[in-house]
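# Results of the structural survey
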Amino acid sequence: MNTTDLKNASRQNLAREIATRDTDPNFFSALTVLPNPDTVLRRLGKADEAFDAIISDAHVMGELRVIRSALLGFEWRLQAGGETPADVRALELCEQFMKVRPASGLRWPDVLWNMAQAVFRGYQAHEVVWARQDQYLMPSAVVDRPSRRFAFDINNTLRLKTRSQPMLGEELGPYKWLLTRHMPSHDNPYGVALYSSCLWPYTFKHSGFRYFVKFCEKYGIPWAIGKYPPGTSQADQDALADALARMVEDAVAAIPDNGTVELLESSSSGQLVHERLIDISNREMSKALTSQTLATEIQGQGSRAAADTHRGREQDVNESDRTIVADTMSELFAWITEINIAGAQPPRFEFYEEADARQDWVEAIDKARGYINIPAAWAHERLQIPMPQEGEDVLPRTAAAPAMPQQFSSHSCPHCSHDFAADAGGDAIDRLADQAATEADNIIADMAAPIRELLNQVETLEQFRDGLVKLYPKIDDQRLGELTQQALMVGMLKGVDDAG
């Protein structure tokens with residue numbers, strides 16, 4: 001856009017919303033509260049009852065337990081929003097708040113799981129009750145409320161349905177209601193409910209169960225067929241039928257001498273159509289809840305690699321669900337900070353997996369030690385292992401620290417920490433040369449005679465390394481690196497001595 005176009009642009013149009021429901025030709029302007037656009041739930045008219053029925057399904061409950069373990073199996077922590085004293089106070093205040101129960105009869109894992117219900121129900125609201133604690137105004141209770149109590153107006157603002165306003169609802173003030181939503185949009189502020197995607201598979205599955213049970217009752221037990229001779233009276237026929245009916249339950253029957261009984265068994269091959277319907281319905285619900293099927297039920301199909309791939313998809317979905325819960329908790333901490341410590345950056349809530357985090361840091365620190373010096377306190381903090389106190393019993397190390405690679409330049413010595421180019425006096429150079437000669441003599445005196453002879457014979461580090469391998473065929477790479485480092489040090493110090 002050039003300067004002319006920018007000047008011609010209306011500031012009023014740039015600063016206000018235009019594509020709202022007020023200007024939408026397809027929106028009925030008389031509406032005050034938006035209906036839930038979920039077509040499945042709108043047809044039923046009873047979302048909560050339908051969702052509760054879906055939860056009672058054994059397959060769905062199994063999937064929910066896996067999802068719940070994926071959420072609560074992670075550790076959680078608070079990260080400071082900044083480094084100022086106010087930011088630190090805000091972090092300490094929120095950490096102190098998380099050490100008490102969120103409400104009577106509830107634990108924080110219960111609250112976190114209730115917030116995660118937004119993924120399955122579309123949205124979930126929690127009421128925050130505030131109370132004065134010393135000089136702070138802190139939440140005294142964080143309680144989940146049923147979704148049926150809320151609605152959204154035409155501005156996508158949450159409203160509470162009350163006895164005085166059962167349809168339109170009442171406006172809600174700030175710092176009162178925590179709202180967790182799954183995939184909300186302008187057209188659907190209620191969010192997308194995964195239980196809604198499970199409704200038809202659940203319905204077809206349980207309808208199939210009814211006919212499947214009838215099939216098993218009808219054809220799963222052999223038919224008892226009684227034969228009677230011609231001319232048998234109706235009373236005798238009825239008596240024979242009653243005896244056969246009792247035989248199905250008791251496996252005992254009294255049959256006249258002139259009658260015969262045969263057992264006719266039904267035969268079928270392959271998977272029954274009712275069983276296939278139930279399996280298909282289970283897989284469809286698994287796709288909706290966890291985005292995979294093989295990690296739940298392989299059923300003789302697929303492979304271990306395919307199951308691992310499906311498990312990876314499930315873990316990605318679980319991670320996104322944890323993000324929704326973490327954002328809701330972070331909003332609560334933002335309220336606490338804004339009310340009590342003005343100007344401070346609020347802390348952030350995050351989930352982390354302790355075992356994997358430690359393993360990642362172990363690998364990163366182990367590789368970085370070959371290039372840089374790492375503060376021990378920092379490494380202990382990342383590995384979540386406290387620094388050992390003086391005199392405290394510690395477990396012995398199982399491996400020595402790897403040798404640090406040395407890099408030398410023509411201007412500095414990393415071990416003596418002295419810049420030769422900055423030295424202006426010859427006395428300083430002579431003093432350093434004498435010191436270098438003394439260090440060289442001490443190092444050479446401590447080395448074995450074959451290595452000392454090898455140093456006098458070789459001209460490059462490659463020749464020294466090959467010579468060490470011949471002298472010590474069983475030497476490991478770590479010891480080889482240490483000896484090569486010492487040789488490099490000796491050569492540098494001798495060079496300094498010769499230059500003096």
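Shown above is the structure to which this text applies.
Here is a short report on the structure shown in this document. Fair warning: this is a prediction, and the values are worked out from it, not measured in the lab.

Here we come to the overall build of the chain. The helix and strand tally for the chain stands at 18 helices and 13 strands. Expressed as a percentage of its 500 residues, the buried residues of the chain come to 31%. Taking all contacts inside the chain whose residues are at least 6 apart in sequence as the whole, residues at least 24 apart take part in 63%. Surface exposure of the chain reaches about 32000 Å², of which carbon and sulfur atoms provide 51%.

Another aspect to go through is the packing of helix H5 (residues 58-72) against helix H7 (residues 108-116). At a minimum axis separation of 10 Å, H5 and H7 run at an interaxial angle of 120°. Our classification of the angle between H5 and H7 gives oblique. Read as a crossing pair, H5 and H7 show a hand that is right-handed. On the side of H5, the interface is formed by Leu 64, Ile 67, Arg 68, Leu 71 and Leu 72, while H7 contributes Pro 109, Asp 110, Leu 112, Trp 113 and Ala 116.

A separate point is the nonpolar core. Phe 97, Phe 333 and Phe 349 are the most contacted members of the largest nonpolar core, which totals 50 residues. Ranked by residues supplied to this core, first place goes to helix H12 (residues 304-340) with eight residues. What Phe 97 contacts, discounting residues up to four positions off in sequence, is Trp 108, Met 138, Pro 139, Val 142, Leu 332, Phe 333 and Ile 336. Core analysis: the second largest hydrophobic core is formed by twelve residues, Phe 27, Val 33, Tyr 123 and Phe 150 among them.

Okay, the sheet that holds strand S4 (residues 136-145) next. With respect to topology, three strands assemble into an open sheet ordered S4-S3-S8, the strand pairing being antiparallel. Each edge of the open sheet carries a strand with a single partner, namely S4 and strand S8 (177-181). Adjacent strand axes in the sheet meet at a mean angle of 25° when their direction is disregarded. Where strand S3 (residues 123-133) and S8 come together, five bridges link them in antiparallel fashion. Among the inter-strand pairings, Glu 127 is bridged to a residue of S8, identified as Trp 177. Along the sheet, H7 contacts S3, S4 and S8; its crossing angle with S3, the most-contacted strand, is approximately 140°.

Moving on to the sheet that holds strand S5 (residues 150-153). Here we have four strands laid out as an open sheet, ordered S1-S5-S6-S7, and antiparallel in their pairing. Among the strands making up the open sheet, the edge pair consists of strand S1 (33-34) and strand S7 (170-171). Of the strand pairs in this sheet, S5 and strand S6 (residues 158-160) are connected by three bridges, and their pairing is antiparallel. The partner of Ala 151 across the bridge, within S6, is Arg 159.

Right, let's talk about helix H11 (residues 273-290) for a bit. For H11, with 18 residues, the first-to-last C-alpha span of 26 Å sits near the 26 Å given by 1.5 Å per residue. For H11, the set of buried residues is Ile 278, Asp 279, Ser 281, Asn 282, Met 285, Ser 286, Ala 288, Leu 289 and Thr 290. One or two residues past the end of H11 sits Ser 291, with phi positive at roughly 65°.

Before going further, it helps to examine unusual backbone geometry. Most peptide bonds take the trans configuration, and most residues that are not glycine carry a negative phi. One non-glycine residue, Tyr 175, lies in the positive phi region at around 60°. Within the secondary structure, Tyr 175 sits in the loop between S7 and S8. Given the relative accessible area of 28%, Tyr 175 is considered partly exposed. The phi dihedral of Met 183 falls on the positive side, at around 55°, and the residue is not glycine. Tracing the backbone shows Met 183 in the loop between S8 and helix H9 (194-219).

Glancing now at the packing of aromatic side chains. Per the counting criterion, the structure on display carries 13 aromatic pairs. Ring centres of Phe 51 and Tyr 195 lie 5.4 Å apart, and the angle between their planes is 50°; this geometry places the pair in the tilted category. Taken as a pair, Phe 51 in helix H4 (residues 47-55) and Tyr 195 in helix H9 lie far apart in primary sequence, 144 residues in all. Considered together, Phe 51 and Tyr 195 belong to a single accessibility category, that of buried residues. For the ring pair Phe 150 and Trp 177, a centre distance of 5.3 Å and an interplane angle of 75° mean the geometry is edge-to-face. Placement of Phe 150 in strand S5 and of Trp 177 in strand S8 is noted, with a sequence separation of 27 residues between them. Trp 177 shares its class with Phe 150; the two are buried. Through successive ring pairs, a cluster of aromatic residues spans Phe 51, Trp 113, Phe 120 and Tyr 195. Taking NZ or CZ as reference, Arg 77 lies 3.9 Å from the ring centre of Tyr 352, over its face. Looking at Arg 322, its charged tip hangs above the ring of Phe 74, at a distance of 3.7 Å from the centre.

So, on to the pattern of salt bridges. Side chains carrying opposite charge are able to pair once their charged atoms draw close together. What the rule picks out here adds up to nine salt bridges. Here Asp 52 and Arg 121 are joined by a salt bridge, their closest N and O atoms 3.2 Å apart. Note that Asp 52 is positioned in helix H4 and Arg 121 in helix H8 (residues 118-121), a separation of 69 residues in sequence. Classification of Asp 52 as partly exposed rests on a relative accessible area of 44%.

This part is about the packing of H5 against H11. Helix-helix packing: each pair is described by the crossing angle between the helix axes and the interaxial distance. Where H5 meets H11, the axes come as close as 10 Å, and the angle between the chain directions of the two elements is 25°. By the angle between their axes, H5 is roughly parallel relative to H11. Between H5 and H11 the crossing geometry is right-handed. Side by side, H5 and H11 meet where His 59, Val 60, Glu 63 and Ile 67 of the first sit next to Asn 282, Met 285, Ser 286, Leu 289 and Thr 290 of the second. A breakdown of the residues in the contact of H5 with H11 according to their chemical character gives four nonpolar, four polar and one charged.

What counts and how
Residues numbered from 1 in each chain as written. Predicted model: local features only at pLDDT ≥ 70, side-chain atom pairs only at ≥ 80, totals over all residues. Heavy atoms only, no water. Helix = DSSP H or I, 4+ residues; strand = E, 2+ residues; numbered from the N terminus. Buried < 20%, exposed > 50% of the residue type's maximum accessible area, 1.4 Å probe, protein only. Contact = heavy atoms within 4.5 Å. Areas by Shrake-Rupley, 256 points an atom, 1.4 Å probe, with all protein chains shown as cover. Axes fitted to C-alpha atoms, helices over the stretch in contact; angles between N-to-C directions. Parallel < 35°, antiparallel > 145°, perpendicular 65-115°, else oblique. Left-handed = near helix turned anticlockwise from the far one by under 90°. Core = buried A, V, L, I, M, F, W, Y, C linked by side-chain atoms within 4.5 Å. Pairing = 2+ DSSP bridges. Expected span 1.5 Å × (residues − 1). Phe/Tyr/Trp six-rings, centres within 6.5 Å; stacked < 30°, edge-to-face > 60°. Lys NZ or Arg CZ within 6 Å of the ring centre and 35° of its normal. Salt bridge = Lys/Arg side-chain N within 4 Å of Asp/Glu carboxyl O. Nonpolar A, V, L, I, M, F, W, Y, C, P; charged D, E, K, R; others polar.

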